Amino acid sequence: MNRMASIIINKASLEDLETIQNLGIQTFSETFAENNSEEAMKTYLEKSFNTEKIKSELNNPDSFFFIAWEEDDAIGYLKLNSGQAQTELQDETSLEIERIYVKKSHHGKKIGQLLYDKALEIAQQHKKSYVWLGVWEENLRAVHFYTKNGFVEFDKHIFRLGDDEQTDLMMKKML
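**Q** Provide a residue-level description of the packing of helix α1 (residues 17-32) against helix α3 (residues 51-59), including the pertinent values.
**A** Remark: α1 packs on α3, axes separated minimally by 10 Å, with the N-to-C direction vectors making an angle of 115°. The way α1 lies across α3 gives a crossing that is right-handed. Within the contact between the two elements, α1 uses Leu 17, Ile 20 and Gln 21 and α3 uses Thr 51, Ile 54, Lys 55 and Leu 58. The class makeup of the residues in the contact of α1 with α3 is four nonpolar, two polar and one charged.

If you want it as structure tokens, here you go:
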């Protein structure tokens, strides 16, 4: 029987820039490509994962990246924002989970749960009173995951991808 290699979650630093970039592009594409035009995807990926942007995010003391490793293979990542780095709400008592992405090859292996547990650990270390996130309403897999973990919807907002307007559910969990 093939025992699953153990998964290690490490805080990312500037030398992980390329890893974050590759993971970001691959996992975002795997999650959303079939629902969006190639053009819109290309534009979004260039805007969100270009070297300068990732570099400034990695250098931001209010943002934290963690990478899930299976031996030498980076299989998922987590991005958290606190304070002014949050995409909305900039509440000092909250922590935003901006991204939890896992490669499709590793879906269903509880990697997302491990990354999520890391997010909660960081929130508790920083004495936050709640964590929040935005999730595309049609990403049912993710919506189910967060609901199962005790998140409740508190708002909605529009996320633009190309000419397409999509609705993100804003969800939070009190700690």
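Now that the structure has been shown, we can carry on.
**Q** Hey, could you go over α3 for me, with residue numbers and the actual values?
**A** Ile 54, Glu 57 and Leu 58 are the residues of α3 that are buried. End-on, the buried residues of α3 take up no more than an arc of 100°, which puts them together on one face. Buried positions along α3 lie against α1, α2 (38-48), β2 (63-70) and β3 (73-82). At the N-terminal end of α3, a side-chain oxygen is found 3.2 Å from the backbone nitrogen of Glu 52, two or three residues along, and the residue is Asn 50.

**Q** Kindly report on the pattern of salt bridges, identifying the contributing residues and their values.
**A** Any two side chains of opposite charge can pair, given that their charged atoms come close. Evaluation of the coordinates by the stated rule reveals eight salt bridges. Lys 156 is the salt-bridge partner of Glu 153, the closest N and O atoms lying 3.3 Å from each other. For Lys 156, a relative accessible area of 46% puts it in the partly exposed group. One network of salt bridges, with partners in common, ties together Lys 53, Glu 57, Lys 79 and Glu 98.

**Q** A description of unusual backbone geometry should follow, citing residues and the corresponding values.
**A** A negative phi holds for most residues other than glycine; trans holds for most peptide bonds. Here the phi dihedral of Leu 89 falls at roughly 60°; this positive angle occurs in a residue that is not glycine. Residue position: Leu 89 is located in the loop between β3 and β4 (94-102). Given the relative accessible area of 39%, Leu 89 is considered partly exposed. A positive phi angle, near 70°, is found at Lys 110, a position not held by glycine. Counting through the fold element by element, Lys 110 comes out in the loop between β4 and α4 (111-125). Classification of Lys 110 as exposed rests on a relative accessible area of 62%.

**Q** For the packing of aromatic side chains, give the residues involved together with the corresponding values.
**A** In the structure shown here, the tally under the stated rule is 11 aromatic pairs. Both rings, one in Phe 32 and one in Trp 136, keep their centres 5.7 Å apart while their planes meet at 65°; by these two values the pair is edge-to-face. Highlighted residues: Phe 32 in helix α1 and Trp 136 in strand β5 (residues 130-136), separated in sequence by 104 residues. By relative accessible area, Phe 32 is classed as buried at 9%. Residue classification places Trp 136 among the buried positions, given a relative accessible area of 11%. Relative to Phe 159, the ring of Tyr 44 lies with its centre 5.8 Å away and its plane at 65°, an arrangement referred to as edge-to-face. Taken together, the positions of Tyr 44 in helix α2 and Phe 159 in strand β6 (residues 152-161) put the pair 115 residues apart, joining distant regions of the chain. Residue classification places Phe 159 among the partly exposed positions, given a relative accessible area of 23%. Directly above the ring of Tyr 130 sits Lys 172, whose terminal nitrogen or CZ lies 4.5 Å from the centroid. Note that Lys 172 overlies the ring of Phe 154, its terminal NZ or CZ placed 5.1 Å from the centroid.

So, how was this worked out
Residues numbered from 1 in each chain as written. Predicted model: local features only at pLDDT ≥ 70, side-chain atom pairs only at ≥ 80, totals over all residues. Heavy atoms only, no water. Axes fitted to C-alpha atoms, helices over the stretch in contact; angles between N-to-C directions. Helix = DSSP H or I, 4+ residues; strand = E, 2+ residues; numbered from the N terminus. Left-handed = near helix turned anticlockwise from the far one by under 90°. Contact = heavy atoms within 4.5 Å. Nonpolar A, V, L, I, M, F, W, Y, C, P; charged D, E, K, R; others polar. Buried < 20%, exposed > 50% of the residue type's maximum accessible area, 1.4 Å probe, protein only. Arc of directions from axis to C-beta. Polar contact = N/O pair within 3.5 Å; in protein donor to acceptor, adjacent residues only side chain to side chain. Salt bridge = Lys/Arg side-chain N within 4 Å of Asp/Glu carboxyl O. Phe/Tyr/Trp six-rings, centres within 6.5 Å; stacked < 30°, edge-to-face > 60°. Lys NZ or Arg CZ within 6 Å of the ring centre and 35° of its normal.

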